[in-house]
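Per-entry structural report
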Amino acid sequence: MKKILLLPGDGIGPEIVGEAVKVLSYLRDNRGLDIQMEEAPIGGSAIDACGQPLPEETLEKAREADAILLGAVGGPQWESLPIERRPEKGLLGLRSALGFFANLRPALLYPQLVEASTLRPEVVSGLDLLIVRELTGGIYFGHPRGVHVREDGQRVGVNTLIYTESEIRRIGRMAFEIARKRNRRVCSVDKANVLECTELWREEMTNLASRYEDVELTHLYVDNAAMQLIRAPKQFDVMVTTNLFGDILSDAAAMLTGSIGMLPSASLDELGKGLYEPIHGSAPDIAGKNLANPLATILSVAMMLRYTFEDSATADRIEQAVGQVLDRGLRTADILSPGKRQVGTREMGDAVLAALERLDTE
Ligand code: NAD
């Protein structure tokens, strides 16, 4: 029996997690998925309920869970709080407390939504790439850091880019293993021509490649990688990179698809335990209006099945069900285009469920 912790959070979080729970409950009741679900507060709703964004009890439940499904956190009502007590701190605290060092961000463009991209259809149609970002090291965590006054009276800002060889190997192995389940190509992104730290990164990735002879490894400098992502993104299968470069490149890759409401993500630890969440925020502007697109959260469940439960067949079925719903012309407001039928959050969830049921009886 696997334990799933649900963290709906704020804004549209409870609405979209509710739709994902419909899918999980269906799989549990009809497809023998051996799971137990439990819910806990995080973010602004946790601040309101118990005064802090990541209550100890929530963290304890997260430690005990095999997988965590998060909606989103944050909203204008908590923006005046000091930074340490804001909703976003709850999420950052969770990620670092549980050692989720690998952030997986797929950028997959459903052919039915090709119009949503700002790039020409021939450039993005069929896009299916995955960025593996190192999440717990690098310049975001390196010491020394801070702003201080130098002897000559100038203020100086310092951050440190630091990676150990074991940190590089750990994220590298994750990328190679995932590439084996995809198209067996890894592109490692660094700035080895300028930064010694990423010279080590390149060396370690190259060493690792000899243990994965069935996977092709290439290297790109990050400036070129950014350019190639916009010029010809379909050349990539798996990209692996540092925390900082991954932060930037994964947002650029997400925007190639043009639909923020469609993109899931996973953050994994060494044992495959994961935090799964849509890449978008809590969308306070549409919260409570049955307008939010639940597909990124439902697709996060597919990632959970693939990466934590190692059940690719069911993950594929969920993704197929989403594809069928789009084929039928159903759209939430964020992905609506002329000639398509607008549906609400709940109707979209129900439509995915119905498609799953149909797939099961075929
Ligand atoms: P956002 O992603 O919440 O919203 C940006 C725009 O996209 C909005 O117009 C919103 O309506 C739309 N949108 C987002 N998700 C959607 C969905 N599923 N369906 C339809 N439309 C959707 O980003 P923001 O407005 O910059 O941030 C709002 C709050 O969310 C802030 O408090 C921010 O800190 C927080 N945030 C949280 C996370 C997270 O929990 N991981 C991530 C980003 C932002």
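A word on the side chain of N293. Structurally, N293 is set in the loop between strand 12 (274–278) and helix 10 (295–307). Of the polar contacts made by the side chain of N293, one reaches the backbone nitrogen of L295; its length is 2.9 Å. At a separation of 3.2 Å, a polar atom in the side chain of N293 contacts the side chain of D334. Each residue touching N293, except ones within four places of it in the same chain, is listed here: I16, G261, M262, H280, T332, D334 and I335.

Let us now look at the nonpolar core. Counting residues in each nonpolar core, the largest one holds 89 residues, and the members touching the most others are L69, L104, V132, M262, Y276, I318 and V322. For this core, the leading source of residues is helix 10, giving nine residues. Counting residues domain by domain, this core receives three or more from each of domain 1 (1–101 + 269–362) and domain 2 (102–263). Setting aside its immediate chain neighbours within four residues, L104 contacts L130, I131, V132, I178, S265, A266, L268, M303 and Y307. Of all hydrophobic cores here, the second largest spans 16 residues; its members include A40, L98, F100 and L275.

Time to look at the domain arrangement of the chain. Domain assignment breaks the chain into domain 1 (1–101 + 269–362) and domain 2 (102–263). Distance from the C-alpha centre of domain 1 to the C-alpha centre of domain 2: 24 Å. Taken together, the 22 residues of domain 1 in the interface contact 23 residues of domain 2. Of all residues in domain 1, the largest losses of buried area upon contact with domain 2 belong to F101, I279 and Y307, amounting jointly to 37% of the total for that side. The interface formed by domain 1 and domain 2 contains one salt bridge. Between R170 and E270 there is a salt bridge; the shortest N-O distance is 3.5 Å. At the boundary of domain 1 with domain 2, the tally comes to eight residue pairs in polar contact (both at pLDDT 80 or more). Per-class residue counts for the side of domain 1 that touches domain 2 are 12 nonpolar, three polar and seven charged.

A few words now on the site of the ligand. Lining the immediate surroundings of the ligand are 19 residues, of which V73, E88, G281, A283 and N293 lie closest. Contact between the ligand and H280: a nitrogen atom at 3.1 Å from a side-chain N or O atom of the residue. Taken by itself the ligand offers 810 Å² of open surface, and the protein chains cover 68% of this. Of the residues belonging to the shell around the ligand, the class tally is nine nonpolar, six polar and four charged.

In this section: the environment of S250. Note that S250 resides in helix 9 (residues 243–257). Considered as a pair, S250 and R105 are 145 residues apart in the sequence and their alpha carbons are 6.6 Å apart. The residues touching S250, leaving out its near neighbours within four places in the chain, are R105 and I131.

Rules and cut-offs
- Think of each chain on its own: its residues are numbered from 1, step by step along the sequence as written.
- Where local features are concerned, this predicted model is filtered to residues with pLDDT of at least 70; where side-chain atom pairs are given and counted, the filter is 80 or more; whole-chain, interface and lining totals use all residues.
- Heavy atoms from the whole structure form the basis of all side-chain values; hydrogens and water molecules are not counted.
- By the criteria applied, helices consist of DSSP H or I runs no shorter than four residues and strands consist of E runs no shorter than two, each listed in order from the N terminus.
- The definition of a polar contact used here is a pair of N or O atoms within 3.5 Å, where within protein one atom must be able to donate a hydrogen and the other to accept one, and adjacent residues in sequence count solely through side-chain atom pairs.
- Two residues qualify as a contact provided that any one of their heavy atoms is within 4.5 Å of a heavy atom in the partner residue.
- Among the buried residues, those of types Ala, Val, Leu, Ile, Met, Phe, Trp, Tyr and Cys that are joined through side-chain atoms within 4.5 Å form a nonpolar core.
- Using a 1.4 Å probe on the protein chains alone, a residue whose accessible area is under 20% of its type maximum counts as buried, one over 50% counts as exposed, and one in between counts as partly exposed.
- Domain boundaries shown here were taken from an automatic or database domain assignment.
- Two parts placed together each lose some accessible area under a 1.4 Å probe, and the buried area is that loss summed for both.
- Every case where a carboxyl oxygen of Asp or Glu lies within 4 Å of a side-chain nitrogen of Lys or Arg is listed as a salt bridge.
- Under the grouping applied here, Gly and all other residues not named as nonpolar or charged are polar, the nonpolar ones being Ala, Val, Leu, Ile, Met, Phe, Trp, Tyr, Cys and Pro and the charged ones Asp, Glu, Lys and Arg.
- A molecule or strand has a residue near it when one of that residue's heavy atoms lies within 4 Å.
- Surface accessibility in these figures is a Shrake-Rupley result with a 1.4 Å probe; residues are shielded only by whichever protein chains are displayed.

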